[in-house]
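Chain by chain, the residues run as shown.
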Amino acid sequence: MVEPGTLDVRAKQATRRWNLQGLMVVLFLALFPFLASLVTGEPPDAGRPKFWQGLLIQAYIFAVYALSYDILMGYTGILSFGHAMFFGTGVYATAMLLKHAEWGLGQIFLAVLLITFVQGVLFGLVSLRVKGVYFAMVTLAFAEAFYILSEATDFRRWTGAEDGLHGIPVPDFINPTDQRLRFYYLALGFALIVYLIARRVVNSPTGRVIVAIRENETRAATLGYNTFAYKLIAFVFSGVLAGLAGMVHALWNLNASPAVLSVNTTINALLMTIIGGAGTLVGPMLGAGVLQLLGYVLSRTFGPRWPLVFGVVFILIVLFLPYGIVGTWNRWRAHSSTKDKPSLSSK
C-alpha cells in the first residue's frame, strides 16, 4: 500500500525539479548574450550577438502575449478572435503618449494598465453574455472595429492612419538600437515577472475556479460560484497582460501600425498557444520562441515559400503532439510516473 504522504512528497519533488529546470533556463537566457559573443568572437552589443538578442527580444514579447491568450483559451476555455484588440491598444497607447504627449515610461505603464483594464471590463460585460462561436464572433467584431479606426483618416494626426506612427521617441537609456543589451534584459525580466504573476494567479483559489469553469461551467455554477464574474476576471487579466506586451512591443519597434490590430495577430497567439500547449503557461511562451525562431530559419531556407513549409510543420505538430510541446510532455511524464507507482495491493 502507498505510504501516507508519499504522493505529496512526490508532488513536492516534481515541483522542486520543475523550478530547478526553470531556473537553469532563465540562467542560460541571462548569459546568452555573452555566450553568443564567445561563439562569434564579437562584442555582445555588435554584429551577430546583437542580431540574436533582437530575435529573442521579439520572442519574449510575444511570449507574454501568448501567455495572456492562454489565460483565456487554456485556463478558462474561452476561444477569442479579438485578442489583438488589447495588444494593439497597448501598442498605440504607448506610441501616442510618447510621440504626442511626451509622457514618461512610468506614466505610460499606468496608463496602459488603466486603459486595458477599463477596456476589458467594458467589452467583457458585453461579449461574455454569449458563448462559443458567438463569443468568438463578437470579439472579432470589436477587434475589427479598432482595426478600422486605426486606419481611419479622421484620426491621422493621432494614429497615422494606414501609415501608422513611426519614429517614436523612446528614452535613450532603453533605446533598442543603441542599448540593445539593456533592452534584452528588460524584455527578459518583463517576461519572467509576468510569468510569475500569472502562475500565482492560476494557482490561487480564483484560478482553480476558472479552471473548474473550463471543465464544467454548469457544475461550477451549481456549487454557487458566479461563473460570469470569474470569466470577467480572466478576460480582464488576460487583456491587461496583452496590453503590457503591446507596450513593450511599441518600445522595441519604435512604431505602431494597424497590423498589430489585425486578426492575424490573434491567430499568431492561437498558433503559439497550440504549438506550446494550452493550459500550461510555459507552453505558449515556448511556442512563441518556436514560432519566432522557426520563422527565421524557414524564411532563410525557403524564401517567400516559407509560410507553406511552416503550415506543413504545424500540421505535423498537431498530429504528433496533439497537446502541444509542453502539454504532451506533461502527459507522457504523468503516464510514466503512474506506471512507476506501486499498486494498492502491494506492500
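Parameters and conventions
- Residues numbered from 1 in each chain as written.
- Predicted model: local features only at pLDDT ≥ 70, side-chain atom pairs only at ≥ 80, totals over all residues.
- Heavy atoms only, no water.
- Helix = DSSP H or I, 4+ residues; strand = E, 2+ residues; numbered from the N terminus.
- Buried < 20%, exposed > 50% of the residue type's maximum accessible area, 1.4 Å probe, protein only.
- Contact = heavy atoms within 4.5 Å.
- Areas by Shrake-Rupley, 256 points an atom, 1.4 Å probe, with all protein chains shown as cover.
- Lys, Arg positive; Asp, Glu negative; His and termini not counted.
- Charge placed at Lys NZ, Arg CZ, Asp CG, Glu CD.
- Expected span 1.5 Å × (residues − 1).
- Arc of directions from axis to C-beta.
- Domains from an automatic or database assignment.
- Buried area = accessible area lost by both parts, 1.4 Å probe.
- Salt bridge = Lys/Arg side-chain N within 4 Å of Asp/Glu carboxyl O.
- Polar contact = N/O pair within 3.5 Å; in protein donor to acceptor, adjacent residues only side chain to side chain.
- Nonpolar A, V, L, I, M, F, W, Y, C, P; charged D, E, K, R; others polar.
- Phe/Tyr/Trp six-rings, centres within 6.5 Å; stacked < 30°, edge-to-face > 60°.
- Lys NZ or Arg CZ within 6 Å of the ring centre and 35° of its normal.
- Core = buried A, V, L, I, M, F, W, Y, C linked by side-chain atoms within 4.5 Å.
- Axes fitted to C-alpha atoms, helices over the stretch in contact; angles between N-to-C directions.
- Parallel < 35°, antiparallel > 145°, perpendicular 65-115°, else oblique.
- Left-handed = near helix turned anticlockwise from the far one by under 90°.

Participant: Help me understand the overall build of the chain, please; the structure alone is not making it clear to me.
Facilitator: The number of helices and strands found in the chain is 13 helices and two strands. With the principal axes as the frame, the chain shows a C-alpha extent of 75 × 55 × 40 Å. Counting over 347 residues, the chain shows a buried share of 43%. The contacts of the chain with a sequence gap of at least 6 include a subset with a gap of at least 24, amounting to 75%. Here the chain has roughly 18,100 Å² of accessible surface; of this, 67% comes from carbon and sulfur atoms. Each charge sign in the chain was given a centre, from 26 positive and 16 negative side chains, and these centres are 12 Å apart.

Participant: Even after reading the chapter, I still don't get the side chain of T273, so can you show me in this structure?
Facilitator: One can find T273 in helix α10 (residues 263–276). Here T273 is in contact with A66, Y69, D70, M73, A278 and P284, once residues within four sequence places are set aside.

Participant: Teacher, can you tell me more about helix α12 (residues 306–320) here?
Facilitator: Note on helix geometry: an α-helix contains 3.6 residues per turn, so any two residues three or four positions apart are oriented the same way. Over its 15 residues, α12 runs 21 Å from end to end, which matches the ideal 21 Å to within 8%, given 1.5 Å per residue. What α12 keeps buried is the set F310, F314 and I317. One face of α12 carries all of its buried residues, which in axial projection span an arc of 60°. Exposed and oriented more than 90 degrees from the buried face of α12 are L308, I315, L319 and F320. As for α12, its buried residues are in contact with α10 and α11 (282–302).

Participant: Explain the domain arrangement of the chain to me, please; I cannot follow it from the model alone.
Facilitator: How big an interface is tends to be stated in terms of accessible area lost as the parts join. Domains assigned within the chain are domain 1 (8–49) and domain 2 (58–336). Overall, the association of domain 1 and domain 2 removes approximately 850 Å² of surface from exposure, summing both partners, and the carbon and sulfur fraction of that is 67%. The interface formed by domain 1 and domain 2 contains zero salt bridges. The interface formed by domain 1 and domain 2 holds two residue pairs in polar contact (both at pLDDT 80 or more) in total. For the side of domain 1 that touches domain 2, the per-class residue count stands at eight nonpolar, one polar and no charged.

Participant: Is there a simple way to explain the pattern of salt bridges in this structure?
Facilitator: Close approach of charged atoms lets side chains of opposite charge pair. Counted according to the given criterion, the structure contains six salt bridges. Across the salt bridge formed by R156 and D163, the nearest N and O atoms sit 3.5 Å from each other. Classification of D163 as partly exposed rests on a relative accessible area of 48%. Counted as one network, the salt bridges with shared partners bring together K131, E217 and K231.

Participant: I would appreciate a short explanation of the packing of aromatic side chains in the present structure.
Facilitator: Where two aromatic rings form a pair, the distance of their centres and the angle of their planes describe that pair. Considering all chains together, one arrives at 17 aromatic pairs under this definition. Measuring from centroid to centroid gives 5.5 Å for F51 and W52, while their planes differ by 75°, and the two rings are edge-to-face. Stacked on the ring of Y323, the Lys or Arg R331 has its end atom at 3.7 Å from the ring centre.

Participant: What is the right way to look at the nonpolar core in this model?
Facilitator: One broad trend across soluble globular proteins is that nonpolar side chains are buried collectively. Residues Y60, Y65, L67, Y184 and L281 are the most contacted members of the largest nonpolar core, which totals 85 residues. Among the elements that make up this core, the one with the highest residue count is helix α9 (residues 227–253) (16 residues). Formed jointly, this core draws a minimum of three residues from each of two domains, domain 1 (8–49) and domain 2 (58–336). Apart from residues lying up to four places away in sequence, Y184 is in contact with L29, F32, P33, Q53, L56, I57 and Y60.

Participant: Hey, could you run me through the packing of α10 against α12 in this one?
Facilitator: Packed helix pairs are characterised by how far apart their axes lie and by the angle those axes make with each other. Packing of α10 against α12 brings their axes to within 10 Å, and their N-to-C directions diverge by 45°. Put simply, α10 runs oblique to α12. Handedness of the crossing formed by α10 with α12: left-handed. Two secondary-structure elements touch here, α10 through L271, I274 and I275 and α12 through F310, F314, I317 and V318.

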